[in-house]
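# A structural walkthrough
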Amino acid sequence: MKFKTSAFVLIFIMTFLFLISNSFALTTKFSNESIQAKEAINQAEKDILEMTFKNIPINRVNESYQEALQIYSAQIALEEKGGSADYNIVMKDALEVSSVKKTALQAKDELEVFKETFMNAEKEVNLSEMKEEYNQIIISFNDERFEDTLVLIKKGYNRISEIQSSQTAVKMVYLTTSKTIKSFFVKYGLKLTIIGIIALILMIIFWKTLTKLRMRMKLNRFIIQKNAVNGLIKEMQKSYFKTKKMSESEYNIKLKKYEELIRDIDRQVMVLKEEMFKVDKRTIKVKKG
């Protein structure tokens, strides 16, 4: 038993030393820069897998990863031939993947919270006016513009707050006004009803009188208009016959126009007088009845 245990320990130590020596041999084969670049690529690959598992689009990071991988392979081949390799772009692309992944995870978490907030707020207020803004936030994430998503989400919260405040204020005004009007009618309802009935009775009693008064006022307007047109005709005749400041053609055109206006006024006066006669006739019938 002691031998088996010692043998096992010896084998373990020898295996461990072999792995260390093999690792050392590998590390001495290539430069430290190449090793760091390879580690950065491995980390970028893990970051892309994590994004994939969390249903985050990876087209953007995959481009950086593929570029890093291709340049790394070219630089390793150059280094194996004894050339001077440059891994700066590899490191830059690999670190870009990690940076984008970090932003993407944050954007995904905040987007999920924002969606829930939006749906809950939509149950209380009408958010249809910011539907386009909501869609733009979703599109920005799907297009892998994760930085824009974070900015748009912040603006989205402010927009929801503005709409909630606005609609709450409108509701408060509506409720306050409704209560005021309701209390007013409760308090003065009987008085208003009595006043309304009296006003209706007076309107019925004096309706014909008011109608006739309106017609007479309209008739007076027609008479004033006709007198004004006749005055214009006299002035025109004076300019034509006495002072000769108007040509014959101009005189005839204006005279024809003025005569048409007078005929139109006379026609309206005739119609109005017929209406006044009918009202007077109905009034006489009512009195006789």
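Quick notes on the rules
- Residues numbered from 1 in each chain as written.
- Predicted model: local features only at pLDDT ≥ 70, side-chain atom pairs only at ≥ 80, totals over all residues.
- Heavy atoms only, no water.
- Helix = DSSP H or I, 4+ residues; strand = E, 2+ residues; numbered from the N terminus.
- Buried < 20%, exposed > 50% of the residue type's maximum accessible area, 1.4 Å probe, protein only.
- Contact = heavy atoms within 4.5 Å.
- Areas by Shrake-Rupley, 256 points an atom, 1.4 Å probe, with all protein chains shown as cover.
- Patch = residues over 30% accessible without salt bridge, like charges linked within 9 Å, V, L, I, M, F, W, Y side chains within 5 Å.
- Salt bridge = Lys/Arg side-chain N within 4 Å of Asp/Glu carboxyl O.
- pLDDT = per-residue confidence, 0-100.
- Core = buried A, V, L, I, M, F, W, Y, C linked by side-chain atoms within 4.5 Å.
- Axes fitted to C-alpha atoms, helices over the stretch in contact; angles between N-to-C directions.
- Parallel < 35°, antiparallel > 145°, perpendicular 65-115°, else oblique.
- Left-handed = near helix turned anticlockwise from the far one by under 90°.
- Nonpolar A, V, L, I, M, F, W, Y, C, P; charged D, E, K, R; others polar.
- Phe/Tyr/Trp six-rings, centres within 6.5 Å; stacked < 30°, edge-to-face > 60°.

Along the backbone of the protein chain there are eight helices and zero strands. Here the protein chain holds 289 residues, and 24% of them are scored as buried. For the protein chain, the share of sequence-separated contacts (at least 6 apart) that also reach a separation of at least 24 residues comes to 68%. Within the structure as shown, the protein chain displays about 21400 Å² of accessible surface, and the carbon and sulfur contribution to it stands at 62%.

Take a nonpolar patch on the surface next. Together, L190, I194, I197, I198, I201, L202 and I205 make up a nonpolar patch on the protein surface, roughly 680 Å² of accessible area in all. On the secondary structure map, I194 appears in helix α6 (residues 146-205).

We now examine the confidence of the model for the protein chain. Overall, the predicted model of the protein chain reaches an average pLDDT of 79, with 79% of residues at or above 70. For the protein chain, per-element mean pLDDT is lowest for helix α1 (residues 2-29), which scores 38, and highest for helix α5 (residues 131-142), which scores 93. Below a pLDDT of 50 lies the segment residues 1-28, which in the model reaches one contact outside its immediate sequence neighbourhood of four places, other chains included.

The next point concerns the environment of S64. Within the fold, S64 resides in helix α3 (residues 59-80). Sequence separation between S64 and V90 is 26 residues, and the spatial gap between their C-alpha atoms is 8.9 Å. For S64, the contacting residues outside a window of four places in its chain are D93, E96 and V97.

Moving on, we come to the nonpolar core. The biggest cluster of nonpolar side chains holds 36 residues, and the ones touching the most others in it are I56, Y72, V90, F114, L127, M130 and F146. Looking at which element gives the most residues to this core, the answer is helix α4 (residues 88-122), with eleven residues. When residues no more than four places from it in sequence are discounted, the contact partners of F146 are I56, P57, R60, V100, T103, A104, A107, S140 and F141. M215, F222, L255 and V279 belong to the second-largest nonpolar core, a separate cluster that totals 17 residues.

A word on unusual backbone geometry. Residues other than glycine seldom take positive phi values, yet N55 does so here, at roughly 60°. Mapped onto the secondary structure, N55 falls in the loop between α2 (32-53) and α3. The exposed category is assigned to N55, whose relative accessible area is 65%. With a phi angle near 65°, E144 is a residue other than glycine that sits in the positive phi range.

The final tally for this structure, using the stated rule, is 14 salt bridges. Between K54 and E50 there is a salt bridge, with the nearest N and O atoms lying 3.7 Å from each other. On the accessibility criterion, K54 (38% relative accessible area) is partly exposed. Of the residues examined, E50 reaches a relative accessible area of 27% and is grouped as partly exposed. Of the charged contacts, one joins D143 and R145 as a salt bridge, the two residues approaching to 3.9 Å between their closest N and O atoms. Exposure remark for R145: the relative accessible area of 29% places this residue in the partly exposed category.

So, on to the packing of α3 against α4. Packing of α3 against α4 leaves a shortest axis separation of 8 Å and a crossing angle of 155°. In terms of their interaxial angle, α3 and α4 are classed as roughly antiparallel. The crossing of α3 and α4 is left-handed. Here R60, V61, S64, Y65, E67, A68, I71 and Y72 of α3 lie close against α4, whose contacting residues are I89, V90, D93, A94, E96, V97 and V100. Broken down by class, the residue content of the contact of α3 with α4 amounts to ten nonpolar, one polar and four charged.

This part takes up the packing of α2 against α4. The geometry of α2 relative to α4 is characterised by a closest axis approach of 9 Å and an angle of 25° between their N-to-C directions. Between α2 and α4, the angle falls in the class roughly parallel. In this structure, α2 meets α4 at a crossing whose hand is left-handed. Residues Q36, A37, A40, I41, Q43, A44, D47, I48, E50 and M51 of α2 form the contact with α4, whose participating residues are V90, M91, A94, V97, S98, K101, A104 and L105.

Tallying each qualifying case throughout the model produces nine aromatic pairs. Seen from their ring centres, F114 and F118 are 6.3 Å apart, and the 40° between their planes marks the pair as tilted. Of this pair, F114 and F118 both sit in helix α4, separated by four residues, roughly a single helical turn. Here F114 and F118 have matching classes, each one buried. Ring centres of F241 and Y251 lie 5.6 Å apart, and the angle between their planes is 75°; this geometry places the pair in the edge-to-face category. Highlighted residues: F241 in helix α7 (residues 207-242) and Y251 in helix α8 (residues 248-288), separated in sequence by ten residues. With relative accessibility at 48%, the residue F241 sits in the partly exposed group. The buried category is assigned to Y251, whose relative accessible area is 8%.

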